[in-house]
Amino acid sequence: MEKALTIAGSDSGGGAGIQADLKTFQELKVFGMSALTAVTAQNTLGVQGVFPMEAEVVAEQIQSVGEDIGVDALKTGMLFNAEIIETVAEKIKRFAWDKVVVDPVMIAKGGAPLLQQEAVSALKNHLLPLCFVITPNIPEAEVLTRMTIHSPDDKKEAARRIHALGAKNIVIKGGHDVNTNEAVDLLFNGADFEFFSVPRIETKNTHGTGCTFSAAITAQLAKVYLYMTRYL
Ligand SMILES: Nc1ncnc2c1ncn2[C@@H]1O[C@H](COP(=O)(O)OP(=O)(O)O)[C@@H](O)[C@H]1O
Ligand SMILES: Cc1ncc(COP(=O)(O)O)c(N)n1
């Protein structure tokens, strides 16, 4: 059975974070493992508390999993601060993991910060160059690129800029594009653009959509051989 690791925060409410990731891994029939970066107290009303782990605690969890069980693919979610980001980047390099999915979690849907502002540059400098796929939502893509995104062309330009930061494949998710009746995601692999669109489901209950999406990509990556050198 292929093995997937999530390096992310715990959501006590079970909708996002490692809980969403592990449920998705299980659904897609890969063996799920976790390295916890923070404990959050959350429910359907919002985030009531955030308690980050020491970077050393994150490092030890990744080390334990990496040196014994093995990792076919991994994703990162909430990383909270620069120290944790740098620790995660070091471990990815140390184990030479290549199927790395980065969900650059910044702010919970309720508005609570899940990444310190000063950690954005650590994310850009240390983690983006190591990732095979990055899955920002529109506000996260705006922070990473320092541009505003309104149109499909803006999404393309943002994807180009994120590619220039070192990410190999970029998916800009369209969940926050609430003025359309479709949810349109854009994939850019450094050469080609592809739009994926589905009818928008009219609901406010979208907590955890991004975590589930990036965990699904991770699970599927765990099962495939990366043979297309253009993507590597
Ligand atoms: N209301 C919706 N209807 C259909 N698909 C959605 C809806 N909201 C989000 N999605 C899809 O869910 C995935 C996660 O996107 P998004 O919600 O933007 O991420 P995040 O949780 O990081 O903000 C994307 O594939 C997006 O297109
Ligand atoms: C621990 C944790 N990780 C990630 C998210 C983001 O999920 P969303 O953007 O869907 O609220 C979250 N709310 N909590």
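Quick caveat: nothing in here was measured; it's all calculated off a predicted structure.

Draft legend 1. Up close: the sheet that holds strand β3 (residues 46-52). As summarised here, the arrangement of the nine strands in space is β3-β2-β1-β4-β5-β6-β7-β8-β9, forming an open sheet in which the pairing is mixed. Both edges of this open sheet fall to β3 and β9 (193-199), since each of them pairs with a single strand only. Where strand β5 (residues 100-102) meets strand β6 (residues 133-134), two bridges bridge the pair, whose relative direction is parallel. Looking at β6, one finds that Val102 is bridged to Ile134.

Draft legend 2. Examining the UniProt feature "domain: Pyridoxamine kinase/Phosphomethylpyrimidine kinase" (unreviewed entry) in the protein chain more closely. According to UniProt, the feature "domain: Pyridoxamine kinase/Phosphomethylpyrimidine kinase" (unreviewed entry) maps to residues 11-225 in the numbering used here. Taken end to end, residues 11-225 is 39% helix and 22% strand, and its two terminal C-alpha atoms sit 32 Å from one another.

Draft legend 3. Representation of the site of ligand 1 in the model. Taken together, 14 residues lie near ligand 1, and Lys109, Lys173, His176, Asp185 and Gly210 sit nearest. Within the contact set of ligand 1, an oxygen atom lies 3.0 Å away from a backbone nitrogen or oxygen of Gly175. The separation between an oxygen atom of ligand 1 and a polar main-chain atom of Gly210 is 2.8 Å. Out of a free accessible area of 550 Å², ligand 1 has 87% covered by protein chains. When residues of the shell around ligand 1 are assigned to their parent elements, the largest contribution, three residues, is made by helix α7 (residues 209-222). By residue class, the composition of the shell around ligand 1 is five nonpolar, five polar and four charged.

Draft legend 4. Layout of the packing of aromatic side chains. According to the stated counting rule, one finds two aromatic pairs in the structure shown. Judged by centre distance (4.6 Å) and plane angle (15°), the rings of Phe95 and Trp97 are stacked. For the pair shown, Phe95 and Trp97 are each scored as buried. Their ring planes at 15° and their centres at 4.2 Å tell us that Phe188 and Phe193 sit as a pair that is stacked.

Draft legend 5. Layout of the pairing of β3. Two strands pair when backbone bridges link them, and strand β2 (residues 31-43) and β3 are joined in this way by six bridges, in the antiparallel orientation. In the strand pairing of β3, Asn43 is matched with Gly46. Once β2 ends, the chain turns through two residues before running back antiparallel as β3.

Draft legend 6. Here's a closer look at the site of ligand 2. For ligand 2, the set of nearby residues contains 15 residues, the closest of which are Gln42, Lys109, Leu114, His207 and Gly208. A distance of 3.0 Å is found between an oxygen atom of ligand 2 and a side-chain nitrogen or oxygen belonging to Lys109. Protein coverage of the free-state accessible area of ligand 2, which is 360 Å², stands at 95%. Of all the secondary-structure elements, those providing two or more residues to the shell around ligand 2 are β1 (3-11) and α7. Here the shell around ligand 2 is composed, by residue class, of six nonpolar, eight polar and one charged.

Draft legend 7. Broad picture of the pattern of salt bridges. One pass over the full model with this rule turns up five salt bridges. The partner of Lys173 in a salt bridge is Asp103, and the shortest N-O contact between them spans 3.6 Å. Placement of the pair is Lys173 in the loop between β7 (169-172) and β8 (182-188) and Asp103 in the loop between β5 and α4 (120-127), with a sequence separation of 70 residues. Each member of the pair, Lys173 as well as Asp103, is classed as buried. With its nearest N and O atoms 3.0 Å apart, the salt bridge here joins Arg161 to Glu157. With a gap of four residues between them, Arg161 and Glu157 both fall in helix α6 (residues 152-164), about one helical turn apart. Several salt bridges converge on common partners, so that one network encompasses Glu157, Arg160 and Arg161.

Draft legend 8. Local environment of the nonpolar core. With 44 residues, the main nonpolar core has Ile7, Val88, Leu123, Leu127 and Ile134 as its most contacted residues. When residues in this core are grouped by element, the largest group, six residues, is from helix α3 (residues 82-95). Leaving out residues up to four positions away in the same chain, Ile134 has contacts with Val102, Pro104, Leu128, Leu144, Ile162, Ala167, Asn169, Ile170 and Val171. The next biggest cluster of nonpolar side chains, apart from the first, holds 13 residues, and it includes Phe25, Val30, Val133 and Ala222.

Analysis parameters
- Residues numbered from 1 in each chain as written.
- Chains lettered and ligands numbered in written order.
- Predicted model: local features only at pLDDT ≥ 70, side-chain atom pairs only at ≥ 80, totals over all residues.
- Heavy atoms only, no water.
- Pairing = 2+ DSSP bridges.
- Helix = DSSP H or I, 4+ residues; strand = E, 2+ residues; numbered from the N terminus.
- UniProt positions renumbered as here; feature names shortened; annotations may be inferred.
- Near = heavy atom within 4 Å.
- Polar contact = N/O pair within 3.5 Å; in protein donor to acceptor, adjacent residues only side chain to side chain.
- Areas by Shrake-Rupley, 256 points an atom, 1.4 Å probe, with all protein chains shown as cover.
- Nonpolar A, V, L, I, M, F, W, Y, C, P; charged D, E, K, R; others polar.
- Phe/Tyr/Trp six-rings, centres within 6.5 Å; stacked < 30°, edge-to-face > 60°.
- Buried < 20%, exposed > 50% of the residue type's maximum accessible area, 1.4 Å probe, protein only.
- Salt bridge = Lys/Arg side-chain N within 4 Å of Asp/Glu carboxyl O.
- Core = buried A, V, L, I, M, F, W, Y, C linked by side-chain atoms within 4.5 Å.
- Contact = heavy atoms within 4.5 Å.

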